[in-house]
Structures are given as structure tokens and as C-alpha cells.
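# A look at the structure
These are the residues of each chain, in order.
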Amino acid sequence: MTVYIIHENDVWLPPFRKAFEALKLPFIEWNLSEAHSFSLDKQPEHDAIYFNRISPSSHTRNHRFSCEITSQVLDYLSLHSCRIVNDQRALSLELSKVKQYVELTKSQIHSPRTVFVASATSLNQNESTIAKENFLKKLKESARENFFNESTRKWTPFVSKHNRAGKGLGVHLFTDDKQVEKQFENLINNTDNNDDEEFSVDGIYLLQEYIKSPKQVINRAEFIGYKLMYIIEVDTRQGFQLCPSDACRKTADSKLVKQSADEIKHGFDIRSQDSYTDKEKQLIEQLENFLRERQIEVAGIEWVDDGTNVYVYDVNCNTNYNVAAETRFFGDMYGTVKLGEYFQKQLQK
């Protein structure tokens, strides 16, 4: 009885390895950033769970095709009726925020007002001048149509996002169409000096209403087996890059980001159950049903509360846990242990 971990980022694996080893849960890693081959007529191990935790930000680690390869691997496993945790349905949500908002809307779960602007031509190619001009025009028009009130002559603040993202890629805050035009004009007209990470890998860019939290926090609910495990509160004063993994809390020179425990409360804090509001309890029930209906067993879902309404804005089917926050709250690492225990129960069925 084995768990196969399908992934592409070795940096995120240590907490999973430590927990699974402590539980004596056998596991094998399929790192799809490396070369692999699969024979379609060869039966994979059946007394096993295949755990898909591929990341939509894989292209930023020079693993450009890991997600596409994963899709084929999941089809291969499905062909042989293997037990997959987070199958193609999870992957399709992971790779498209547009699809996330469509599915959330189908389940009557509120998300921020969103418009997507697409370019079939790569905007970081120097020869695509006409395409760039058309994109900028459409981007500016879409911003005005969706976030400007003609009667009051006021703008609703909005952010840009990548459709296929992760790590807060491409997220910028704007208060009018001139700002968004300038941001993207500078980006696409100076391709020699820009980081490719600023360009959407699938050519789809989102403009989304900015929901301001009075407390300057967002909440992320972690689910295992379709059920809530805990809610973690995240301080947003450090910006939009809110990856919970401890590995993400490092700078480029590998030193820990300096944080004031008093001022930003470590950035991530697990909440006690008695702090959940009635709105949140109702939302959790909706989200558990949302995941169950789509057979997404493991997820981290984020929302923001503006003081009146709660808006879900991200469904993460490749979830990481903040071990530092878990240790403060539970006394030790927790999420990966609970995940391993869930896999043990599933393997016994």
C-alpha cells in the first residue's frame, strides 16, 4: 500500500516526507519536472493512492510543461481505474481562475466581479505589435466598462491577475484605466527588460474587483476528505504573495523574511473554531459541498470579508501548510500528518 506523490517542486515536499515517514506510510515521488515514460498498456500499482499536487506556477521554475504532462499521466491512471486524489477535475480548476469563478457561481458562492481579457498572441514577442495594441485597447475598455460608474464618475478599485497563476503572479492594484494601461504598456513594450513571470502563461489576464478587508487579512480554509481541517488567517499588509508554505516565506537569498511578531502576528495564524462567524460557518458548508460535488478531496480555499459580504477568490487544489503556524497552534506540524492519516484510511478500504 503506497502513496504516489505527483509533483514538480521538491522544495515543498519536506513536511510531507517527514509526516509520512513518522506514520510509516510508504510513498514514492513522481517528480514531473524530470523525464518520465509511461506505457499505456502497463498496469500501474493498484494497491495505491496517486496524489496529484502539481502546481499552476510550475512554469516559473522552468517546468513549463509539468501541468500538461500531469494531465496525460492522470488520463493514463484513469484508464487503469487507479485511485486518484485530486484528478482531472481538480487539475482543470487549478489551471484556470476563470473556471474557478464559473464553478463557484454555479454553486451560488460569491466571488468578486471579474472580467478576463485574452490574447492569442504572446505579448512578450517583439513582432506582435498589432496584437499588443489591440490587447491594450481591449484591456482599457474592459476596465472602464466594469469598474467605472458613469453616474457617479467614480472608479471601483480593481486588481489584475493571471488566469493560470500561483504565488501572486501578475497581481497589481489599480484605481483607474490609465493606471492599468500604463502598467501593461510598460510591460509589453519593454520585453527585453521584463521578467517572463509578469506575462500570463496561457494568454489570459483577469481584472477583478478589489475587495478591501477592514482587518487587512484574508482567510484560507484547508480541507481534507472534503471536510474542513482548519482556517488560517493571513496578514495581507506584506502584499499579494500569500503562499502558505514555509518555503515560500524566504527571500531570493534564502534568508527568512524578517517579520515582527507583534505587528504582523507572524503573517499566518490558525483560528480557533469559536472565532468562526455565522457567515463563515455557512460558507464552509457550501465549500464542503462544492468540493464533494467535484470530487476534490484536498484543497485550500481563500476568501476575503469586506465587513458585509464574504467573497471567495481562489481555489487551491495543490495546497501547502504553514508548519510554523501549525506549531504555534497545535504544538507540532499538523496538516501533513492529518493528510497521511487520511491516506492510511483510504488505503484500508
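Look a little higher up for the structure.
Read on for a plain summary of the structure. From a predicted model like this one, the values you see are computed outputs, not experimental measurements.

Glancing now at the overall build of the protein. Within the protein, the regular secondary structure consists of 10 helices and 15 strands. By sequence separation, contacts in the protein at least 24 residues apart represent 71% of the contacts at least 6 residues apart. In the structure as shown, the protein presents an accessible area of about 17,100 Å², 47% of it carried by carbon and sulfur atoms.

Okay, the pattern of salt bridges next. Applying the stated criterion across every chain yields a total of 26 salt bridges. In this structure, D87 engages R89 in a salt bridge whose closest nitrogen and oxygen atoms are separated by 2.6 Å. A residue is classified by how much of its surface remains accessible, and R89, at 42% relative accessible area, is partly exposed. Linked through salt bridges whose partners overlap, the residues forming this network are K99, E103, K106, E293 and R294.

This part is about the packing of aromatic side chains. For the structure on display, the rule yields 22 aromatic pairs. An angle of 55 degrees between the planes, with centres 5.9 Å apart, marks the rings of F135 and F184 as tilted. Highlighted residues: F135 in helix α5 (residues 129-147) and F184 in helix α6 (residues 177-189), separated in sequence by 49 residues. Judged by its relative accessible area of 4%, F184 falls in the buried class. If you follow R61 out to its NZ or CZ, it ends over the ring of W12, 4.8 Å from the centre. Its end group placed over the ring of F148, R144 keeps NZ or CZ at 4.5 Å from the ring centre.

Take the sheet that holds strand β10 (residues 204-209) next. What the 4 strands build is an open sheet, ordered β5-β10-β8-β9; its pairing is antiparallel. Strands at the two margins of the open sheet, each flanked by one partner only, are β5 (114-118) and β9 (172-174). The mean inter-strand angle of the sheet, taken between neighbouring strand axes irrespective of direction, is 25 degrees. Pairing geometry for β5 and β10, over 5 bridges, is antiparallel. Counted as the bridge partner of A118 is I204 from β10. The strands touched by α5 within the sheet are β5, β8 (158-162) and β10, with β5 carrying the most contacts at an inclination of about 170 degrees. Sitting on the sheet, α6 is in contact with β8, β9 and β10, with an inclination near 145 degrees to β9.

Residues V3, F20, F51, W303 and F343 are the most contacted members of the largest nonpolar core, which totals 55 residues. When residues of this core are sorted by domain, at least three fall in each of domain 1 (2-93) and domain 2 (95-109 + 213-334). Discounting residues that sit within four places of it in the chain, F343 has contacts with V3, F20, L25, I49, F51 and V85. Counting 17 residues, the second largest nonpolar core, distinct from the first, contains V117, L136, L139 and F147.

Next up on the list: the sheet that holds strand β1 (residues 2-7). The strand order β2-β1-β3-β4 describes an open sheet built from 4 strands, whose pairing is parallel. The open sheet has two free edges, formed respectively by β2 (27-31) and β4 (83-85), since each of these has just one partner strand. Looking at each pair of strands side by side, their axes are set apart by 25 degrees on average, direction ignored. Taken together, the 3 bridges between strand β3 (residues 48-52) and β4 define a ladder with parallel strand orientation. If you follow F51 over to β4, its bridge partner there is V85. Strand contacts of helix α1 (residues 14-22): β1, β2 and β3, with the helix running at about 160 degrees to β2, the strand carrying the most contacts. Here helix α10 (residues 335-348) sits on the sheet in contact with β1, β3 and β4, set at roughly 140 degrees to β3.

Under the counting rule described, the total for this entry stands at 2 cavities of 30 Å³ or more. If you add up the space inside the largest cavity, you get close to 50 Å³. Forming the walls of the largest cavity are S160, H162, G170, H172, Q183, F184, L187, E198 and Y205. Looking at the lining of the largest cavity, the elements that each hand over two or more residues are β8 and α6. The biggest single contributor to the lining of the largest cavity is α6, with 3 residues. The residue makeup of the lining of the largest cavity, split by class, is 3 nonpolar, 5 polar and 1 charged. In this structure, the second largest cavity occupies an estimated 40 Å³ of space. Lining the second largest cavity are N52, R53, I54, N86, A90, L91, E94, C317 and N318. Per-element tally for the lining of the second largest cavity: the top contributor is helix α3 (residues 88-94), with 3 residues. Class assignment for the residues of the lining of the second largest cavity results in 4 nonpolar, 3 polar and 2 charged.

Criteria and thresholds
- Counting restarts for each chain: residues are numbered from 1 in the order of the written sequence.
- For this predicted model, a pLDDT threshold of at least 70 governs which residues receive local features, and a threshold of 80 or more governs which side-chain atom pairs are given and counted, while totals over whole chains, interfaces and linings are taken from all residues.
- Heavy atoms from the whole structure form the basis of all side-chain values; hydrogens and water molecules are not counted.
- Secondary structure elements follow DSSP: runs of H or I no shorter than four residues count as helices, runs of E no shorter than two count as strands, and numbering proceeds from the N terminus.
- Only heavy atoms enter the contact rule, under which two residues are in contact if any of them lie within 4.5 Å.
- For every accessible area listed, the method is Shrake-Rupley and the probe measures 1.4 Å; residues are considered covered only by the protein chains on display.
- Think of a salt bridge as a Lys or Arg side-chain nitrogen and an Asp or Glu carboxyl oxygen that are within 4 Å of each other.
- When accessible area is computed with a 1.4 Å probe and restricted to protein chains, residues below 20% of their type maximum are described as buried, those above 50% as exposed, and intermediate ones as partly exposed.
- Pairs were defined over the aromatic rings of Phe, Tyr and Trp, the Trp ring being its six-membered one, requiring ring centres within 6.5 Å. Orientation was assigned from the angle between planes: stacked under 30 degrees, edge-to-face over 60, tilted for the rest.
- To sit over a ring, a charge needs its Lys NZ or Arg CZ within 6 Å of the ring centre and within 35 degrees of the ring normal.
- For two strands to count as paired, DSSP must find a minimum of two bridges between them.
- An axis is simply a line fitted to the C-alpha atoms; with a helix, the fit covers only the stretch in contact. Between two such axes, the angle follows the N-to-C directions and lies from 0 to 180 degrees.
- Take the buried residues of types Ala, Val, Leu, Ile, Met, Phe, Trp, Tyr and Cys, join any two whose side-chain atoms come within 4.5 Å, and each joined set is a nonpolar core.
- As used throughout, domain bounds are those supplied by an automatic or database domain assignment.
- Every definition here rests on a 1 Å grid over the protein atoms only: cavities are sets of points where a 1.4 Å probe fits but cannot get out, pockets are open sets enclosed by protein on both sides within 12 Å along at least five of seven lines, and lining residues have some atom within 4 Å of a point.
- Grid points are joined across faces, edges and corners, and a volume is the space filled by probe spheres set on the points.
- Three categories are distinguished: nonpolar for Ala, Val, Leu, Ile, Met, Phe, Trp, Tyr, Cys and Pro, charged for Asp, Glu, Lys and Arg, and polar for the others, with Gly belonging to the last.

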